Each structure stands twice: as structure tokens, then as C-alpha cells.
Amino acid sequence: MTGPTLVTAARTAVKVRAPAKVNLSLHVGPREDDGYHPLITVFQAVSLYEEVVAVEADDLSLTVTGPGAEYVPLDGTNLALRAARALADRTGTDRGALLEITKGVPVAGGMAGGSADAAAALVALDALWGTGLTREELAEVAATLGADVPFALQGHTAVGTGRGDVLTPAMVRGTFHWAFALRAEGLSTPDVFRHFDEIVGRGRDLAPDADTALMAALRAGDAPRLGLALSNDLQGPAIDLAPDLAETIGAAANAGALGVVVSGSGPTVAALGRSHQHALAIAAEMTLAGVCESAVCASGPVPGARVIL
Ligand code: C5P
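Residue numbering note: each chain is counted from 1, following its sequence as written. Only residues with pLDDT of at least 70 get local features here, since the model is predicted, and only at 80 or more are side-chain atom pairs given and counted; chain-wide, interface and lining totals rely on the full set of residues.

1. Digging into the sheet that holds strand E7 (residues 176-182)
This is how the line gets drawn: In this analysis, strands are considered paired if DSSP registers two or more bridges between them. A run of H or I in DSSP counts as a helix once it spans at least four residues, and a run of E counts as a strand once it spans at least two, with each numbered from the N terminus. Lines fitted to C-alpha atoms define the axes here, with helix axes fitted over just the stretch in contact, and angles between the N-to-C directions of these axes take values from 0 to 180 degrees. Residue pairs qualify as contacts under a 7 Å threshold applied to their C-beta atoms, which are placed from the backbone.
Strand order in this open sheet of four strands is E9-E10-E7-E11, and the pairing throughout is antiparallel. Lying at the two open borders of the sheet, with one neighbouring strand each, are strand E9 (259-262) and strand E11 (294-300). Pairwise comparison of adjacent strand axes, ignoring direction, gives a mean angle of 25 degrees for this sheet. Here E9 pairs with strand E10 (residues 269-273) via four bridges, running antiparallel. Within E10, the residue paired with Gly259 across the bridge is Leu272. With respect to the sheet, helix H9 (residues 245-254) is in contact with E7, E9 and E10, its orientation differing from that of E10 by roughly 5 degrees.

Now the structure itself:
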């Protein structure tokens with residue numbers, strides 16, 4: 001006698017959310033021949049999310065809504081569409097999908113919103129198409145799409161090396177509370193790296209143990225020590241290209257932030273608070289000082305791209 005047959009209804013829509021990141025440290029080495037820079041960075045995923053709903057369809061297509069949606073490309077350069085094509089190529093499927101993206105991460109803000117879209121699209125389509133890929137195989141596809149996509153998939157807190165795509169999870173105690181100052185106009189990541197090259201040239205190598213104090217602060221859940229250890233080699237170049245960022249950083253420091261750093265290639269400024277209430281106070285002070293377009297609070301670490309419906 002055979003057992004009961006398990007019948008699972010094929011899913012016709014999958015909703016996934018994927019987090020923004022902040023770089024707690026970002027050490028940039030000299031540009032290599034492929035145009036990329038070797039990095040040593042510590043990423044933390046924070047509770048600002050992109051949402052992607054993948055709906056069964058014959059072809060691949062895309063809609064984008066939410067703050068800054070008008071700046072997101074809808075053509076083949078869109079990272080979520082590229083993720084869909086890469087997953088289809090990898091698995092050999094001829095199925096399509098409509099990807100409905102809702103932005104919750106600042107566009108061109110240095111918080112990897114586009115990478116979060118790509119990671120969310122991979123997880124959503126993996127479920128919709130039933131590809132059966134492992135999380136490691138999905139991460140391989142993610143790495144072909146951009147340096148920050150593997151981290152958006154993995155989340156939590158991790159050390160990134162290589163281009164930022166080779167990840168080692170970091171041990172963290174507790175939750176950290178952030179205020180993020182958003183700038184009306186974004187910065188282009190390639191432009192900021194190019195300006196870094198102009199300033200630093202090829203003369204500086206990466207210090208492998210640069211983050212000892214930062215990692216100790218994370219392990220201890222010690223926000224004041226973490227605040228002191230925040231650093232970003234792209235901060236100087238980002239401020240050169242957007243000088244008003246210096247005022248934003250000053251306003252966060254005046255509000256008693258434990259540490260302030262430009263996130264990734266900017267222009268979002270991340271300020272660490274003592275508590276959620278303190279982060280709210282820093283956000284209010286930055287907004288009242290008129291040094292940013294708006295400010296939002298978030299906490300980290302949080303998990304990477306996950307199916308929520
Ligand atoms: O990998 P991703 O497409 O996110 O990178 C965007 C741009 O940022 C690259 O084209 C490159 O100019 C710059 N970049 C870099 N070195 C890295 C990561 C990004 O120069 N490690």
C-alpha cells in the first residue's frame with residue numbers, strides 16, 4: 001500500500017522583503033585592473049526594507065512604487081530584472097514573472113537599496129519557480145549581480161572582503177539603534193570611487209586587522225565603543241562631492257550621537273544612538289537643523305532577504 005499523496009498547490013505570488021545595509025567600517029584598497037577596489041568592510045543589515053512581490057506571468061516585467069521610485073530604471077539595467085534573468089539562466093527555466101517593487105530604502109543613498117531588490121527578487125523567484133537551488137547557490141548568482149547583493153541575501157552583521165561579496169558572519173550581542181539622514185540628491189557609487197582614486201591614488205594598502213576594536217564592541221554589545229570605531233574611507237570623497245554632508249555630520253554630533261559615519265558611498269549619514277529614543281531625538285535634531293531632506297530611524301542587525309507571504 002502506498003502512503004497518501006502530498007499535493008501542494010503551486011504558488012502564484014510570493015512576497016519577500018530584504019534589508020538596507022550600513023557599513024560600520026569601510027576600508028578601500030587601490031583600484032585593480034578590473035576597475036573594482038578590494039574592500040574590508042563590516043556590514044550591518046538594518047530595519048529599512050525593500051518589498052518585492054513576484055507574480056506568475058508569461059514574461060519578465062517590473063513595477064516600482066514608493067519614495068524615489070521615479071529615479072529607479074525600469075529597463076534591462078534594473079538590478080531586480082537582472083537578478084531574474086540570471087536566475088532563469090542558471091536554472092534553465094522559461095517561466096516569467098511580474099516583479100512589484102515597493103521602495104523603503106533611500107534610492108542612491110549608499111544603503112544598497114538596489115542590491116536589496118536583487119536579493120529579494122532572487123528569493124521570491126526561487127520560491128515562485130520552485131528552482132530548488134540551495135542558499136549557497138543563490139548566493140553565487142547574487143555575487144554575479146553586484147558587490148552588495150550577497151550581503152542583502154545573508155543579512156545580520158558580516159565582514160565583507162574581496163569586492164565586499166565574500167562574507168564571514170560576525171558575532172554580535174544586542175541591538176543597535178540608528179538615525180539615518182537622507183539627502184535630496186543621491187551620489188553615484190562609481191563617481192565616489194573615482195574621486196577616492198583621485199585623492200588616494202594607488203599608494204595605500206588594506207590593513208587586515210583594522211577592525212579589532214569594532215569587532216570587540218560588536219561582540220560586547222557596547223554601543224559607545226562601536227560609535228568610536230565607525231570609519232569609512234569613502235567619507236572624505238563623498239563630502240568633497242556633497243559638501244553639505246559635513247553639516248549633517250555636525251548636527252548628529254551635536255545631538256550626542258555615539259558615532260557618525262557616511263554610509264557606504266553616501267550620501268546617507270548614519271548616526272548611532274544610545275537607545276531607540278535617542279536615535280529618534282538625533283533624527284529630529286538633524287531634521288530641525290535643516291541639514292537633510294528627512295531622517296529615519298532603524299535598528300540592526302536584522303536578517304537578510306526572507307519570504308513574508
Ligand atoms: O558591484 P556594484 O555594481 O554595486 O558596484 C558599483 C560600482 O562601484 C562599480 O561599478 C565600481 O565602480 C564601484 N565599486 C568598486 N569597488 C568595489 C565595489 C564597487 O570600485 N569593491
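2. Focus: the site of the ligand
For clarity, the threshold we go by: Being near a molecule or strand means, for a residue, that its C-beta atom, positioned from the backbone, comes within 6 Å of it. Side-chain classes follow a simple rule in which Ala, Val, Leu, Ile, Met, Phe, Trp, Tyr, Cys and Pro form the nonpolar group, Asp, Glu, Lys and Arg form the charged group, and the remainder, Gly included, forms the polar group.
Inspection of the region around the ligand gives Gly35, Tyr36, His37, Leu39, Gly146, Ala147, Asp148, Arg163, Gly164, Thr189, Pro190 and Phe193 as its neighbouring residues. The dominant element in the shell around the ligand, judged by the number of residues it contributes, is helix H5 (residues 189-200), at three residues. Its residues assigned to classes, the shell around the ligand shows five nonpolar, five polar and two charged.

Any functional reading would require information beyond the geometric quantities listed.
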